[in-house]
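# Structure assessment
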Amino acid sequence: MADTPLVNLTIEGRPVAVAPGTSILEAAKTAGVLIPHYCYHPGLPVAGSCRMCLVEVEKFPKLAPSCATAVAEGQVVHVHSEKAREARKGVLEMLLINHPLDCPICDQSGECELQDYTYQEGPKESRLRDPKRFSPAEDFGGDVLYVQNRCILCTRCVRFMDDVAHDTVLNVSERGDRAFIGKFEGKDLTHAWAANVIDVCPVGALVSKDFLNKARAWELDRTASVCTSCSQGCNIIVETRDNTVMRLRPRSNESVNQFFMCDHGRANYRWMNRRDRLEVPSILGAGGHATVDWEVALEAAARVLKGKRAVVLASPNLSNEALHLLSRLVRKSGGAGVFRVAQGAEAPLPGVDDLALRADRAANVIGAQLLGFTRHASPLDVLQAGDALVVADADLSESDLPALARAAVTVVIGTAMPAHLPKADIILPIANMTEEEGTLTNLRGRVQRFLQAKAAPGMARPSWYVLADLLGAMGEKAEYFVAADAFAALAASEPSFAGLTYDALGLRGRPVADAERLAEAAR
């Protein structure tokens, strides 16, 4: 079948070739031209109601809404003509008539599209001399607060709940200049994906109650990462200030989560800032744990593990790199690698295919299985008398306590002391996933990178670095200086990851070799 011919047109003097059916607004993006818009969002149905994206198309009798106008062969589009700019200026003036000067106190300030376009091409001063209207803020339920004064009635939130979440909660109440976003009687934004209305809102009308007045947009550092709250592997942005995670936001990836993330993942960030972190290596002695240098701790760990069968209880949130190195430790000792996965109710986003808050509440379940670890409801059942137990950033349950007596020695490699673990002979502190670089494999077999967003506390080191040094102390060759080296070693030795590199993965990820089989098995 022959490829569909592209449509050729000119936008702001730049030649553009796009697929038939593409809107002028999307075609302009490929030419590096941003057409101002409010109601349009690539993840929502087109409304064409804000009239902000009007452009001049030669031979058209009037200005055209670029979000709802398809490209045609030979079109010549002017985005910044005098006629188009005057139209957008008029729209901005209308939107600002009753819009309050809330920028100094608004959470959206610094990333507000109304703010940006007004500075770019809006009126320099208001002609309104009458007092502005005032309406009180309203709690919409969940994490959402509605500030009616700032609303521009783009209806993105209404369309998200209707067409994507399939939960009819919001509406446009009243008409004309009295219109506002309202809720249907007895309904709230308690849907598992409802907080996405905060992200799709182009202004500060819908704000997060959790983030309210916490930080300004220009104070935050932003880092590409992957959500660890379930096995979906949604792409996210970790926003930090003063080495503290302030909030998590979705990052677009058409192959995983489009433009959205669930409320559970959005709110599950406080563990990244926990204060009871392990910060220094230590060895258990007669007087309790004694702080030691890394070299001493690693040599001691290698010594107590030597000659013993190692059972590694690993967290399914550890990176592929860390799990690969742990699997080498298991193979070297003839031991076993096991993990346990917390469970929760599955919550799909109906309007997006294959997107849900998954029942497996861990990010790297598939990665752990591909690297030889066994999923087990009671993982310490495999522990035999005289074995060495390595707890790799995993918590224990009360039901595990009887089995602990069979371990001859316990080594903790983690970010915090495991729950229900009475003692550890050696403690090796590691960074959590916001403090290191690595990869995770989601339930469809897609390998995705996460980047370091903040510094690790004390003497904690990246997990792959600590495990490589531990293998080195045990006589194995494992000298890696950056995470990419550790991943290269993984790709060279594991058939599923063959051919993958950090450069090839980029920030969108790539599937493992047998991803189709994994995807089919997971459905």
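Residues numbered from 1 in each chain as written. Predicted model: local features only at pLDDT ≥ 70, side-chain atom pairs only at ≥ 80, totals over all residues. Heavy atoms only, no water.

On to the state of the cysteines. Summed over the entire model, instances satisfying the criterion amount to 0 disulfides. The thiol sulfur of Cys 230 is not disulfide-bonded, and the nearest other cysteine sulfur, from Cys 262, lies at 5.9 Å. (Disulfide = S-S within 2.5 Å.)

Under the definition given, this model contains 7 aromatic pairs. Seen in terms of ring centroids, Phe 140 and Tyr 146 are 4.9 Å apart; in terms of plane orientation they differ by 25 degrees. Their pairing is stacked. Given a relative accessible area of 0%, Phe 140 falls into the buried group. Judged by relative accessible area, which is 2%, Tyr 146 ranks as buried. A ring pair is formed by Phe 259 and Phe 260, whose centres lie 6.1 Å apart and whose planes are at 75 degrees; its orientation type is edge-to-face. Per residue, the accessibility class of Phe 259 equals that of Phe 260, and both read buried. (Phe/Tyr/Trp six-rings, centres within 6.5 Å; stacked < 30°, edge-to-face > 60°. Buried < 20%, exposed > 50% of the residue type's maximum accessible area, 1.4 Å probe, protein only.)

Here the largest pocket defines a volume of roughly 800 Å³. Lining the largest pocket are 34 residues, and of these Ser 315, Asn 317, Asp 393, Ala 394 and Asp 395 lie nearest its centre. Here the residues of the lining of the largest pocket sort into 16 nonpolar, 11 polar and 7 charged. (1 Å grid on protein atoms, 1.4 Å probe; cavity = no way out; pocket = protein on both sides within 12 Å on 5 of 7 lines; lining within 4 Å. Points joined across faces, edges and corners; volume = space filled by probe spheres on them. Nonpolar A, V, L, I, M, F, W, Y, C, P; charged D, E, K, R; others polar.)

Should their charged atoms come close, side chains of opposite charge can pair. Throughout the structure, instances matching the rule amount to 37 salt bridges. With a closest N to O distance of 2.9 Å, Arg 277 and Glu 435 form a salt bridge. You can see Arg 277 sitting in the loop between helix H6 (263–267) and strand E14 (282–285) and its partner Glu 435 sitting in the loop between strand E23 (426–429) and strand E24 (438–441), a full 158 residues away along the chain. The residues Arg 277 and Glu 435 share a single accessibility class, namely buried. A salt bridge links Arg 461 to Asp 469, with the shortest nitrogen-to-oxygen separation between them at 3.5 Å. Among the ionic contacts, a cluster of salt bridges with common partners joins Glu 111, Asp 199, Arg 222, Glu 239, Arg 247, Arg 249 and Arg 266. (Salt bridge = Lys/Arg side-chain N within 4 Å of Asp/Glu carboxyl O. Helix = DSSP H or I, 4+ residues; strand = E, 2+ residues; numbered from the N terminus.)

Okay, helix H12 (residues 483–493) next. Among the residues making up H12, those that are buried are Ala 483, Ala 486, Phe 487, Leu 490 and Ala 491. Looking straight down H12, one finds that the buried residues subtend no more than 140 degrees of arc, so they occupy a single side. The secondary structure elements touched by the buried residues of H12 are helix H8 (320–333), E24, strand E25 (446–450), helix H11 (463–473) and helix H13 (502–505). (Arc of directions from axis to C-beta. Contact = heavy atoms within 4.5 Å.)

Let us now look at the pairing of strand E21 (residues 387–392). Of all 6 residues in E21, 6 are buried, a share of seventy percent or more. Where burial is concerned, the two faces of E21 agree: the one with Asp 387, Leu 389 and Val 391 and the one with Ala 388, Val 390 and Ala 392 are both buried.

Let's shift gears to the sheet that holds strand E22 (residues 407–414). Overall, mixed pairing links the 8 strands, which are arranged E15-E14-E23-E22-E21-E16-E17-E20 in an open sheet. Because the sheet does not close on itself, it has two edges, and the strands there are strand E15 (288–291) and strand E20 (374–375). Bridge analysis of E14 against E15 gives 4 bridges, and the strand direction is antiparallel. Counterpart to Gly 285 in the pairing with E15 is Gly 288. (Pairing = 2+ DSSP bridges.)

Shape descriptors only; they carry no functional weight alone.
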